[in-house]
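Chain and residue survey
In case you want the letters, here they are:
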Amino acid sequence: ARAVVQRCVGMAGLLGCLLAALLALGRDAIPAAFTADAAVLALLGSTIPFVVATQPVNALAFVWDGVLFGAGGFRYASKQMALCAVPAVIIMKLGPHAQEGAAAAIKLQYVWLGLSLVMCLRALSIWAPYKLRLPPFNVLQPAMVPAKQQ
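So, here's what we can say about the structure.

A separate point is the packing of aromatic side chains. Summed over all chains, the structure comprises three aromatic pairs. Seen from their ring centres, tyrosine 130 and phenylalanine 137 are 5.6 Å apart, and the 85 degrees between their planes marks the pair as edge-to-face. Just as tyrosine 130 is buried, phenylalanine 137 falls in that class too. By the ring-pair criterion, three or more aromatic residues cluster together here, those being Trp64, Tyr130 and Phe137. Lying across the ring of tyrosine 130, arginine 2 places its NZ or CZ 4.3 Å from the centre.

What follows deals with the nonpolar core. Of all hydrophobic cores here, the largest spans 14 residues; its most connected members are Val5, Trp64, Val67, Tyr130, Phe137 and Leu140. Those elements that provide at least two residues to this core are α1 (2-25), α3 (38-70) and α5 (104-131). At five residues, α3 tops the list of elements feeding residues into this core. With near-sequence residues (within four places) excluded, phenylalanine 137 lies in contact with Arg2, Val67, Leu68, Ala71, Ile126, Pro129 and Tyr130.

Reading guide: rules and limits
- Residues numbered from 1 in each chain as written.
- Predicted model: local features only at pLDDT ≥ 70, side-chain atom pairs only at ≥ 80, totals over all residues.
- Heavy atoms only, no water.
- Phe/Tyr/Trp six-rings, centres within 6.5 Å; stacked < 30°, edge-to-face > 60°.
- Buried < 20%, exposed > 50% of the residue type's maximum accessible area, 1.4 Å probe, protein only.
- Lys NZ or Arg CZ within 6 Å of the ring centre and 35° of its normal.
- Core = buried A, V, L, I, M, F, W, Y, C linked by side-chain atoms within 4.5 Å.
- Helix = DSSP H or I, 4+ residues; strand = E, 2+ residues; numbered from the N terminus.
- Contact = heavy atoms within 4.5 Å.

Everything listed here is a matter of coordinates, which is why it stays silent on function.
Written out as structure tokens, the structure reads:
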């Protein structure tokens, strides 16, 4: 099972980096395909760096979710998600949203900063117990090592 996990994590990292590169290359063309409104395009332009930067982390977090669910860690997942959301909500709430007259772009950047933090914390909080072989990951079998031929 651990060999499959390693393969999936590697593939997710590659796919996340590829998607980030594609989004970076299309940072102007992709939003323009959906709107011609200059104000909306400017607003989206301020968030594209967050979207691009989080793609590898998102891909890894989703793989770690699958590993967690496959190991039967549904209770852990619910607690972990709630705990990971707390710092993000604080950032979103105490950021410029709390200030009257803050620019829309700044507010949206803080939303994306919060979302980015959630995904980073989720990936880390699933990876760490997996790496340490803590529950619920202690049920996964180690990678099979071929027997030496004599």
